[in-house]
Amino acid sequence: MPINKRRILWVLVFILLFSGGIVGGYFYFSETFGNKPKGETIAEPQKQADDSSFVKIYFPSEGRLIMEERRVKRLGSVTVSGEEIVEEFLKGPSQRGRSDVPPGTKVLGLYFGTDGILYVDLSDDFRRNFHGDALSEFLLLKGLYESIISNVTGVDDVKILIEGKEMESIGGHFSVLYPLKNALTEGR
Amino acid sequence: MAAKVFLIILGLSLLMTDVPVFDSVYALEGKTEVSMRFSVHEGVHRIVFEAQDESFIKNTVVTSTQNQIKVQFPSNLALAVQGNLDIEASLKGRTYVINPGHPFRTKLLQLTSPPRLSIDIVQVTKEESTQPGAKEGSSLHPIPNIRIVIDPGHGGYDLGVLSGEMREKEATLSLARAMESALSKKNRTAFLTRKADQFLSLTERAMFANQKSADIFISIHLTPSQSFAVYSSLAESAASDTMSEYSIISRQRHFIEKSRILAEGMSKAIKDEFKKDVIYRKMELPLLSSVGAAAVMIEIPTETVSDQAGKTKVLEVLFRGIALYANQ
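Because the structure is predicted, anything quoted here is derived from the model rather than measured.

## Structural notes on the sheet that holds strand S4 (residues 61-64) of chain B
Residues and elements named next belong to chain B. Here we have four strands laid out as an open sheet, ordered S4-S5-S8-S7, and antiparallel in their pairing. Lying at the two open borders of the sheet, with one neighbouring strand each, are S4 and strand S7 (88-92). With direction set aside, neighbouring strand axes in the sheet form an average angle of 15°. Where strand S5 (residues 69-72) and strand S8 (residues 95-99) come together, four bridges link them in antiparallel fashion. When the sheet's bridge partners are listed, Val 71 is paired in S8 with Tyr 96.

## Some points on the pairing of strand S3 (residues 107-112) of chain A
The pairing of S3 of chain A with strand S4 (residues 117-122) of chain A spans five bridges and is classified as antiparallel. Following the sheet pairing, Leu 110 of chain A is matched in S4 of chain A by Val 120 of chain A.

## Overview of the sheet that holds strand S17 (residues 278-283) of chain B
Consider a sheet: its strands pair through backbone hydrogen bonds, and that pairing is either parallel or antiparallel. All names here are of chain B. The sheet built from six strands is open, its strands ordered S14-S11-S15-S18-S16-S17 with mixed pairing. Of all strands in the sheet, those bounded by a partner on one side alone are strand S14 (189-192) and S17. Each neighbouring strand pair of the sheet contributes to a mean axis angle of 20°, computed without reference to strand direction. Here strand S15 (residues 216-223) pairs with strand S18 (residues 294-301) via eight bridges, running parallel.

## Some points on helix H5 (residues 134-151) of chain A
Every α-helical turn comprises 3.6 residues, leaving residues that sit three or four positions apart pointing alike. Taking 1.5 Å as the rise per residue, H5 of chain A with 18 residues should run 26 Å; its terminal C-alpha atoms sit 26 Å apart, in good agreement. Along H5 of chain A, 15 of the 18 residues are buried, which leaves the element largely enclosed by surrounding structure.

## Here's the deal with the interface of chain A and chain B
Listed by partner, the interface residues are 19 residues for chain A and 30 residues for chain B. Secondary structure elements with two or more residues in the side of chain A that touches chain B: H5 and helix H6 (180-183) of chain A. Ranked by the residues each element gives to the side of chain A that touches chain B, the list is headed by H6 of chain A, at three residues. When its residues are assigned to classes, the side of chain A that touches chain B shows six nonpolar, nine polar and four charged.

## Quick notes on the environment of Tyr 157 of chain B
Positionally, Tyr 157 of chain B belongs in the loop between strand S11 (147-152) and strand S12 (162-163). In this structure, the C-alpha to C-alpha distance between Tyr 157 of chain B and Lys 169 of chain B, residues 12 residues apart in sequence, is 9.3 Å.

The rules behind each value
- Residues numbered from 1 in each chain as written.
- Chains lettered and ligands numbered in written order.
- Predicted model: local features only at pLDDT ≥ 70, side-chain atom pairs only at ≥ 80, totals over all residues.
- Pairing = 2+ DSSP bridges.
- Helix = DSSP H or I, 4+ residues; strand = E, 2+ residues; numbered from the N terminus.
- Axes fitted to C-alpha atoms, helices over the stretch in contact; angles between N-to-C directions.
- Expected span 1.5 Å × (residues − 1).
- Buried ≥ 20, exposed ≤ 12 C-beta atoms within 10 Å, placed from the backbone.
- Contact = placed C-beta atoms within 7 Å.
- Nonpolar A, V, L, I, M, F, W, Y, C, P; charged D, E, K, R; others polar.

Set out below in structure tokens:
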């Protein structure tokens, strides 16, 4: 019996030492990496990447459209995605140079019609703060239209509203009384 | 004997009489025969060019600067000059250059049966010749009596392009008013879509032009760019079948060729005057698409109209552009 007791004692000591080693190791490594954002090291970036998307935004700038890739929250429904895109568009291009995106414009709402038309309701700043010529106005509308159409699936056309109302023109050259696709027929 | 003396005296008196004589005749093959005669009455010099070919006279363009009048003929000509002109003038190729030698204003008349072009040169004081608007009023481009609707872009809360102190809505109105005034002085029929700083929709502007049965519609705009731009409508592709419910009413379809000719005339006039390239674009502009007339939109660089001299040059360009179109 004393032999069995001794064996049991050795086994218990071994188990205790093994467990202590694991616990000690855990705390040791916890302390070592304690100053870093622990939870984000592996899992969180992966999670963030899953929740974001890259989109192509077309900005009017100095007589042409320039494309920039922007990272936005993962796109969802047509209206949610559309709003993300329009918000990015209204921020203007990150590159230097003159942009014709009217400053101070806010998105008031988006509505998706059964006719496939996405209605984009913008604040009056979009009209009031635009002071460009005909080409600038064309590129402003074209940039907004292309940004939405190329990123949001299911949208056939885009129509602009200002403060919830139909407006004949933004800059006095092109019509926005109608959806943009037809108005943006490019000439020669 | 008495009869012989009488005949000699009669012959001498006839030789001394100021009977028009063909001083010089350049009758060469392939050239249009043009006769030029002149007269002076109460200080007004009248020069008349006459040809059998009506289109030749119609396509003759007269331009004037402060010191000089240039008569540009459409093709080579054989000029028969009757009598002596007491002001300096000469034919250089297709261009007849007149230097009156004093401040002047001019009046142009185009007449038929027989086809002829009459230029009256009136001596004025230096002050009169330098008065703002004097040059516009005396512009010599042969504009026939057609109905011209001038549209000053923007207005009211729609300011248009901003450049320093300059606001597009005001600059376009100023140009349009000067243009209308100059045309009225020449007894031409011109209308303004707006005469004051007021907002007008694109539809209202087009409706106005159509109500006035315009032959020519010119919408004046500015651009911050360095280049002039001339626009005409892309009316032939105004609407697709699928989007027909949204199609823009296009009265322009029947005038698209005329608009192209007007746009080309304007472009040529700008190139000649400013020695700059002109951007010509065809686009689906609702205003131009809705007008039943030869219709163009012209964008003028803001820097060009920053002073009176620039404005005067722009007006000359607009008149010359109209003349080139009308004489096609």
